[in-house]
Every structure is written in C-alpha cells, then in structure tokens.
Amino acid sequence: MSMTLEELGALASTCTLCRLAAGRTQVVFGVGSPSADVMFIGEGPGYHEDKQGEPFVGAAGQLLTRLLGEVGLRREDVYIANVVKCRPPGNRDPLPDEIDSCRPYLVGQLELVRPRVVVTLGNFATRMILERQVSISRVRGQRFELDGRTVVPTFHPAAILRGGGEASAQMAAIRSDFAAVRAILAEPPPVPAAVEEQLGLF
Ligand code: URA
C-alpha cells in the first residue's frame with residue numbers, strides 16, 4: 001500500500017461509504033503503535049468512542065486495558081481498531097453492507113501495521129478475519145495461521161461485562177487467551193519464506 005497509516009486515517013475521517021456516516025460524531029479509526037506486533041480488533045465504536053474518537057475507551061475498553069496490563073502490555077505498545085469505524089445507532093450490530101464498506105480500512109490497517117498477531121474480539125471481528133461464519137465460543141482457544149500471521153480469537157470484553165464478570169469462565173478464558181498472545185510475542189519472529197529460500201542456497 002502506497003499510503004501511510006496517517007493518510008489512511010485522514011481518508012477514513014471523511015468517509016461517507018455507508019449510512020453510519022450520518023449518525024457519527026467522528027470516525028474512530030484506530031489507536032496505538034503503527035508498528036505494533038499485535039493488533040486487537042473489536043466490533044465498532046460505542047457512545048464514548050464516538051465522542052472521544054478513540055476505540056475502546058468506555059467500560060469494555062477499561063477492561064481491555066486492564067487485561068493488557070495483566071500480561072505486561074500497554075495500549076501504546078499494541079494497535080487497536082474495529083470492524084466498523086463509525087458508531088452504529090443505539091449500539092446495534094453492524095450490518096453486512098456496513099462491514100463490507102468499511103473492510104478496506106481494516107485491510108489497509110493490517111497491511112500497514114503488519115502485526116504478527118491479530119486478536120479478534122468477539123464474533124464480528126473473528127468472522128471477518130477468518131472469513132467464516134464461526135461462533136466465538138467454538139473457536140476461542142484455537143490459533144489460526146493466516147497470511148503469515150497468527151490469529152487468536154477471544155471473547156469481546158463487553159460480553160464479559162454483560163456475562164459473569166470477574167469470576168466467570170469467560171473471564172478465565174480471555175485471560176488465558178491474552179497470556180497465549182504474550183507467549184506468541186515472546187517467540188522469535190518467523191523467518192520470511194523469501195529469506196529462508198535464500199539461506200537454503202548456502
Ligand atoms: N466495543 C468495540 O467493539 N469497540 C470499541 O471501540 C468499543 C467497544
């Protein structure tokens with residue numbers, strides 16, 4: 001991609017590709033390190049995100065930030081984005097055509113940040129990245145190798161807040177998934193196929 005993350009964000013900020021443009025306060029593009037090793041992908045901005053222009057700053061965001069801290073990661077070490085960049089009215093689920101309209105921005109973010117690990121939070125992000133109509137409760141705990149990246153699907157923090165909270169099985173699961181992410185990041189990065197090929201010559 002020939003543009004920078006900042007340029008892509010500027011382009012997104014005036015987007016009118018879908019009906020969500022009409023109800024937003026602002027586009028919530030993404031936040032964090034432009035060269036992060038790990039990208040977290042949520043569903044879409046809620047009330048607070050729409051007001052502040054930053055993903056995951058409300059109650060679910062506070063839980064995400066806490067879970068990151070528990071495995072020694074800060075928000076500024078990672079990159080955080082959403083499937084749709086504008087708040088769906090009343091926090092309804094994003095519709096298929098809205099997800100499709102917004103897809104190029106997320107694809108661009110993945111191409112430009114080039115994270116080794118992608119953590120999909122909940123059904124929407126997981127289905128979009130795996131390109132399969134899976135259910136998060138079935139696929140979490142598994143790892144998927146896709147386009148040279150490791151995809152780690154896990155529960156959406158908001159689902160944990162709605163469900164059992166601190167003592168729930170979902171909370172234990174997300175903690176274990178975040179610990180797995182930490183462990184993957186500690187592994188040496190894979191040698192790119194092209195380099196491996198070259199080394200094979202000697
Ligand atoms: N939920 C999401 O999926 N994304 C946010 O940015 C906030 C809450």
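Located above this text is the structure these notes cover.
Heads up: these notes are all about the structure in this document. (Residues numbered from 1 in each chain as written. Predicted model: local features only at pLDDT ≥ 70, side-chain atom pairs only at ≥ 80, totals over all residues. Heavy atoms only, no water.)

1. Quick look at the overall build of the protein
Definition in use: Comment: elements are numbered from the N terminus, with helices defined as DSSP H or I runs of at least four residues and strands as E runs of at least two. Radius of gyration here is computed from C-alpha atoms only, and the compact-globule reference equals 2.2 Å multiplied by the residue count raised to the power 0.38. Accessible area is worked out with a 1.4 Å probe on protein chains only. A residue is then buried under 20% of its type maximum, exposed over 50%, and partly exposed in between.
The helix and strand tally for the protein stands at nine helices and six strands. Radius of gyration (C-alpha) of the protein: 17 Å, near the 17 Å computed for a compact globule of 202 residues. Reported as C-alpha extents along the three principal axes, the dimensions of the protein are approximately 60 × 45 × 30 Å. Residues counted as buried form 48% of the 202 residues belonging to the protein.

2. Structural notes on the state of the cysteines
Spelled out, the test is: Sulfur atoms of two cysteines make up a disulfide when they are within 2.5 Å.
For the coordinates displayed, the defined rule picks out zero disulfides. Left without a disulfide partner, Cys15 is nearest to the cysteine sulfur of Cys102, which lies 6.4 Å away. You can see Cys86 has no disulfide; the closest cysteine sulfur is in Cys18, sitting 6.3 Å from it. Judged by its relative accessible area of 9%, Cys86 falls in the buried class.

3. A short note on helix α4 (residues 96–113)
Selection rule: To estimate the expected span of a helix, subtract one from its residue number and multiply by 1.5 Å. Note on bend: at a given residue it equals the angle between the axes fitted to the 7 residues ending there and to the 7 starting there.
An ideal rise of 1.5 Å per residue puts 26 Å on 18 residues; α4 measures up with 25 Å between its terminal C-alpha atoms. Approximately 45 degrees is the largest bend angle found in α4, and it occurs at Cys102, with the proline Pro104 only one to four residues beyond. Taken together, the buried positions of α4 are occupied by Glu98, Ile99, Ser101, Cys102, Tyr105, Leu106, Gly108, Gln109, Leu110 and Val113.

4. Description of the sheet that holds strand β1 (residues 30–32)
Quick note on the threshold: For two strands to pair, DSSP has to find at least two bridges joining them. Here the axes come from fitting lines to C-alpha atoms, over the contacting stretch only for helices, and the angles between their N-to-C directions go from 0 to 180 degrees. The contact criterion used is simple: two residues touch if any of their non-hydrogen atoms lie within 4.5 Å.
Read across the open sheet, the six strands follow the order β1-β3-β2-β4-β6-β5; overall the sheet is mixed. The strands lining the two open edges of the sheet, one partner per strand, are β1 and β5 (144–146). On average, adjacent strands in this sheet sit at an angle of 25 degrees to one another, irrespective of strand direction. The strands that helix α5 (residues 123–130) touches are β2 (38–42), β4 (117–121), β5 and β6 (149–154); relative to β4, the one it contacts most, it runs at about 135 degrees. The sheet strands contacting helix α8 (residues 169–186) are β2, β4 and β6, and the helix crosses β6 at an angle near 170 degrees.

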